[in-house]
Amino acid sequence: MSSAAQPTLPARGRGRVRAVLPTRRNLASMGRSPRKDLLAGLTVAIVALPLALGFGVASGAGAQAGLATAVIAGALAAVFGGSNFQVSGPTGAMTVVLVPIVHKYGTSGVLTVGLLAGLLLIALALAGAGRFMAYVPAPVVEGFTVGIAGVIGLQQVPAALGVTPAGGENVVAAAVEAVGDFVAHPHIASLALAAGVAMVMLLGARLRPGIPFSLLAVVAATLVTTLANLDVATIGHLPAGLPLPSFGFLDVGAVPHLATAALAVAALAALESLMSATAADAMSVSERHDSDRELFGQGLSNVVAPLFGGVAATGAIARTAVNVRSGAASRLAALVHAGVLAIVVFAAAPLVSGIPLAALAGVLIATAIRMVEVASLRALARSGRGEAAIMVLTAGATLAFDLVTAVIVGLLVAAVLALRQVARTAALTQVPLHEGLPPADHHQEEQALLAEHIAAYRIDGPLFFAAAHRFLLQLAETTDVKVIILRLSRVSTIDATGALVLGDVIDKLRRHHVQVLVSGVRDEHLQTLDALGVLSELRDEGRVFSGTPEAIAYARKYLHATGALAGTVE
C-alpha cells in the first residue's frame, strides 16, 4: 500500500475512539426485553445496597461515597462498557487498595486517585490494551482473591467488635489490637449483630440462594438496634441526594505522589473488570464482551464518579453473576440497578443512616468468606506444587504488604517457574549419524568408520539464557571424535545468551582440534547468530549447511583428506 493510501494519525485516532464508543446496536438492544431487565436490575440493586454501603465505609470514604460510586459508575459503565451484563461499583478488591491511600492522603487523595486511574483506563482502551489482560496466570488470580478476602475480613474486625479502628495500615496488626481492646472492654451487642448477619447470609445462601439475605439481615439488625435501643455505632448522618459535581477535591500538587497509587488502581480495575466480564460471558449464551470498550467504560465511570464524591470502581463479579442468573437480557438491567440505588440515595437516606456498622461488617465478613472458592483452590493445589506456591505467596504478600506487591510477587514467581518448565524442554541428544536421512550411498564398513570419527548432536527446544548453560557446556568436553555436526533445525527459539554460549562451545571444540559443522539453522535465528558473530568463521570456511546430508558429505571428504578414512574421495 502506498503512503498516500495509509490512514493518517488523526484518522487512526478517530477510528480508535469510535471503536470504544457504544454502537447504535448496543443501545437498541436495551429495549428487547425490558421486563426481564427491570426484574434483574431490581434484584441486583437489593444485593448491591448493603455491599455499596459496606465497601464505602470500609474504604474510609464513607457510606455516601459507596452509594455514589454504585450509582454513577454503575450507570456509566452499563452504557459505555463492553459487556451486556456487567454490573459495576465499589468492590472489596478495590477497597483493599484504597484504605492505605485514605490513611496517607485522606478522602481527597482517594478521589484524585480514582480520577487519575480513570484517565489511565481510557488511555489503555484507546491503545487497544484489553487483549493483554488475559495473560495473568490463574494461580495469581486465585492467590490475590484469597488475600483480598483475608484483608476484607480483617478490616471488619474492629467494627464487628464495636472497637474504634486503629490508624495503622497493616490490617493484621489492627485486627489483633482490636481483639485486645475487645477483651479489655467487651461489646457483646456489636459482636452479636455482626455474627448474626454473617450467619444468616452464609446459611441463607446455601438453603435459598435466590433470596437477598444480606439486605434482610441488615434490615433485621437495624430494627433490633432501634427497638432495643442498643448502644452500637451506626452509619450516622447520610445526606439525601448526590453532591453537585465538583473538582474541589483535586490537589494538583499531590498528583505526582499519587501516580503510583493511580497506576495500581487502574491495573486492578482493568483486571477485575475483564475477569468479571469473562465470567459473565461464560454464564450466558453466545455473549462476548469487548475488552477495550469495557476498559473505556470503566475509565469513564472512574473519571466521573469522583466528581460526585465516589471512589474508584470496577466490574463486580458477584453482582454481575446475580444479574445474569436473574435473567438479564441486556445492559438495561445494570442501568436499572443504578437507578434503584439512586432512588435510595434521594429518598431513603434517613432510614439508611440508622444501619449499624457492625451489621455491615457482618455483610463484608460473609462476602469475604464466600469469595474463597475452596474447590478451585483444591484443584490448583492438586495440579502441582508450583501452582500452589504461586497461590500461597500471592495471598501471603497481599496480607503482609499490599495488592500491587502481591501481584508483582505472584507474576515474578509464575514467570520463574514457567521459564524453568520451558528450560526443561530444551535438550541436547547425540543421535545416530544418519538418523532420519535417506540410506547412505556408501558401504556399511565406511559408514561404521564415519560413526567412529563423527558425532551428530541434535538440539531440541529453546536455546536461551535459562537453558543454554545446562547442557551445551558439557558438549565442549567432547574430544574423542574428529568432527561434530550440530543439528539446529529443531531449535524453537534462540536469544543472545544462548547464541553466545553456542559460540563459546564451538570455539572450545575447535581449540581441541574438533571440526564443527552446523546444519539446519532456521532463517529467523540467523539474525541473532550473525549479530553476535557466532557462525562467521564457520560460514567463511563453508561449514554451515542447510541440511544434514550436506554436512555429512563434507565431513566424509574431510576425513578422507586427513587420512582418517582409507581410500579416495568419491
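Along each chain, residue indices are assigned from 1 in the same order as the chain's sequence is written. The predicted origin of the model limits local features to residues at a pLDDT of at least 70 and limits the giving and counting of side-chain atom pairs to 80 or more, whereas totals for whole chains, interfaces and linings rest on all residues. Just so you know, side-chain values use all the structure's heavy atoms and leave hydrogens and water out.

Right, let's get into the packing of helix 4 (residues 63–80) against helix 14 (residues 332–347). The N-to-C vectors of helix 4 and helix 14 enclose an angle of 150 degrees; their axes lie 8 Å apart at closest approach. Viewed along their axes, helix 4 and helix 14 adopt a mutual orientation that is roughly antiparallel. Where helix 4 crosses over helix 14, the two elements pack in a sense that is left-handed. Here Gln 64, Leu 67, Ala 70, Val 71, Gly 74, Ala 75, Ala 78 and Val 79 of helix 4 lie close against helix 14, whose contacting residues are Ala 334, Leu 335, His 337, Ala 338, Leu 341, Ala 342 and Val 345. Throughout, an axis means a line fitted to C-alpha atoms (over the contacting stretch in the case of helices), and angles, computed between N-to-C directions, take values from 0 to 180 degrees. A run of H or I in DSSP counts as a helix once it spans at least four residues, and a run of E counts as a strand once it spans at least two, with each numbered from the N terminus. For classification purposes, an angle smaller than 35 degrees is called roughly parallel, one larger than 145 roughly antiparallel, one from 65 to 115 roughly perpendicular, and anything else oblique. Should the near helix be turned anticlockwise from the far one by less than a right angle, the crossing is termed left-handed; should it be turned clockwise, right-handed. Only heavy atoms matter for contacts: two residues are in contact if any of them lie within 4.5 Å across the pair.

Take helix 13 (residues 317–325) next. Within helix 13 the residues assigned to the buried category are Arg 319, Thr 320, Ala 321, Asn 323 and Val 324. One or two residues past the end of helix 13 sits Gly 327, with phi positive at roughly 95 degrees. Only protein chains enter the accessibility calculation, which uses a 1.4 Å probe. A residue is then buried if its area is under 20% of the maximum for its type, exposed if over 50%, and partly exposed in between.

A separate point is a nonpolar patch on the surface. Residues enter a patch when their relative accessible area is above 30% and they make no salt bridge; the linking distance is 9 Å between like charges and 5 Å between nonpolar side chains (Val, Leu, Ile, Met, Phe, Trp, Tyr). Throughout, the Shrake-Rupley method with a 1.4 Å probe supplies accessible areas, and for residues the shown protein chains are the sole cover considered. Salt bridges are identified by distance alone: a Lys or Arg side-chain nitrogen within 4 Å of an Asp or Glu carboxyl oxygen. Taken together, the side chains of Val 17, Leu 21 and Leu 126 present a nonpolar region at the surface, about 190 Å² in accessible area. Within the element layout of this structure, Leu 21 appears in the loop between helix 1 (9–20) and helix 2 (24–28).

This part takes up a positive patch on the surface. For the charge count, each Lys or Arg is scored as positive and each Asp or Glu as negative, with His and the chain ends excluded. A single reference atom marks each charge: NZ on Lys, CZ on Arg, CG on Asp, CD on Glu. Together, Arg 385, Arg 420, Arg 424 and Arg 470 give the surface a local cluster of positive charge. For Arg 420, the location among the structural elements is in helix 19 (residues 403–425). Arg 420 sits in the partly exposed class, given a relative accessible area of 46%.

Here we come to the pattern of salt bridges. The full count for this structure, using the stated rule, is eight salt bridges. The salt bridge partner of Arg 543 is Glu 541, with a shortest N-O separation of 3.6 Å. Sharing partners across several salt bridges, the network here consists of Arg 510, Glu 537, Glu 541 and Arg 543.

Their axes nearest at 8 Å, the elements helix 3 (residues 34–59) and helix 5 (residues 92–126) cross at an angle of 30 degrees. Accordingly, the angle class assigned to the pair helix 3 and helix 5 is roughly parallel. Across from Phe 55, Ala 58 and Ser 59 in helix 3, the residues of helix 5 making contact are Gly 92, Thr 95, Leu 98, Val 99 and Val 102. Here the contact of helix 3 with helix 5 is built from residues that sort into five nonpolar, three polar and no charged. In this count, Pro and Cys sit with the nonpolar residues alongside Ala, Val, Leu, Ile, Met, Phe, Trp and Tyr, while Asp, Glu, Lys and Arg are called charged and the others, Gly among them, polar.

Another point: the packing of aromatic side chains. Here a ring pair, both rings aromatic, is described through the centre-centre distance and the interplanar angle of the planes. Between the rings of Phe, Tyr and Trp (Trp by its six-membered ring), a pair exists once the centres lie within 6.5 Å; its type follows the angle of the planes, with under 30 degrees stacked, over 60 edge-to-face, and the other angles tilted. Counted according to the given criterion, the structure contains three aromatic pairs. For the ring pair Phe 80 and Phe 296, a centre distance of 6.5 Å and an interplane angle of 65 degrees mean the geometry is edge-to-face. In this pair, Phe 80 sits in helix 4 while Phe 296 sits in helix 12 (residues 291–304), placing the two residues 216 residues apart along the sequence. Under the relative-accessibility criterion, Phe 80 is labelled partly exposed at 24%. Between Phe 545 and Tyr 554 the ring centres are 5.5 Å apart and the planes differ by 50 degrees, which places this aromatic pair in the tilted class.

These values are about where atoms sit, not about what they do.
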